[in-house]
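A structural walkthrough
Read off the chains here:
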Amino acid sequence: MDVGYLQLEMSGEIGFARGAQNLSGSAKVDDGLGQGDSVGSPYARIELVNDAGLVGGGMSLSAFAYDNQGSGILTASYGNINAGTAVRSDFSLVNAKLGLFLSFDVAGILFIRPG
């Protein structure tokens, strides 16, 4: 079992797909939407392995969460929201992964498996 602490930060731009209800524009995630702050999150990973014999296997489960609220000012028009408008955003994400894998014993000294 692994546990840790992640320091996460969002950056980049978000925009509308071309032709999406005749809306256009993009906004910077950090300045325009107020999502540029670093946010801490716990992280956990559990792995169960059976390496008996030449071929083994197992499963792993890992997860973390991201939650941030922020305020910003749009630097460009975003859809029908004009540039210069103050906005408040709330972004939440939970990421969980379950993986199944095989491992191969090479000459009793090396196990090959995905990371």
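Residues numbered from 1 in each chain as written. Predicted model: local features only at pLDDT ≥ 70, side-chain atom pairs only at ≥ 80, totals over all residues. Heavy atoms only, no water.

1. Focus on the pairing of strand E5 (residues 55-73)
The sheet contact formed by strand E4 (residues 39-50) and E5 spans eight bridges and is antiparallel. Bridged to Val 49 within E5 is Gly 58. Where E4 hands over to E5, the hairpin turn is made up of four residues, of which Gly 53 adopts a positive phi near 90°. Looking at chain direction, E5 and strand E6 (residues 86-106) are connected through 19 bridges and run antiparallel. Residue pairing in the sheet places Gly 56 in a bridge with Ser 103 of E6. (Pairing = 2+ DSSP bridges. Helix = DSSP H or I, 4+ residues; strand = E, 2+ residues; numbered from the N terminus.)

2. Quick notes on the pattern of salt bridges
A full pass over the atoms with the stated rule returns two salt bridges. Across the pair Asp 2 and Arg 45 runs a salt bridge whose closest N-O atoms are separated by 3.5 Å. In this pair, Asp 2 sits in strand E1 (residues 2-8) while Arg 45 sits in strand E4, placing the two residues 43 residues apart along the sequence. With relative accessibility at 40%, the residue Asp 2 sits in the partly exposed group. Close ionic contact of Arg 45 with Glu 47 constitutes a salt bridge, the shortest N to O distance being 2.6 Å. By relative accessible area, Arg 45 is classed as partly exposed at 23%. Connected through salt bridges with shared partners, the residues Asp 2, Arg 45 and Glu 47 form a single ionic network. (Salt bridge = Lys/Arg side-chain N within 4 Å of Asp/Glu carboxyl O. Buried < 20%, exposed > 50% of the residue type's maximum accessible area, 1.4 Å probe, protein only.)

3. What to know about the packing of aromatic side chains
Within the structure shown, the criterion is met by one aromatic pair. Ring geometry for Tyr 66 and Phe 91: centres 5.8 Å apart, planes at 65°, overall edge-to-face. On the criterion of sequence distance, the pair formed by Tyr 66 in strand E5 and Phe 91 in strand E6 is long-range, its members being 25 residues apart. (Phe/Tyr/Trp six-rings, centres within 6.5 Å; stacked < 30°, edge-to-face > 60°.)

Function cannot be read off these values alone, since they describe shape.
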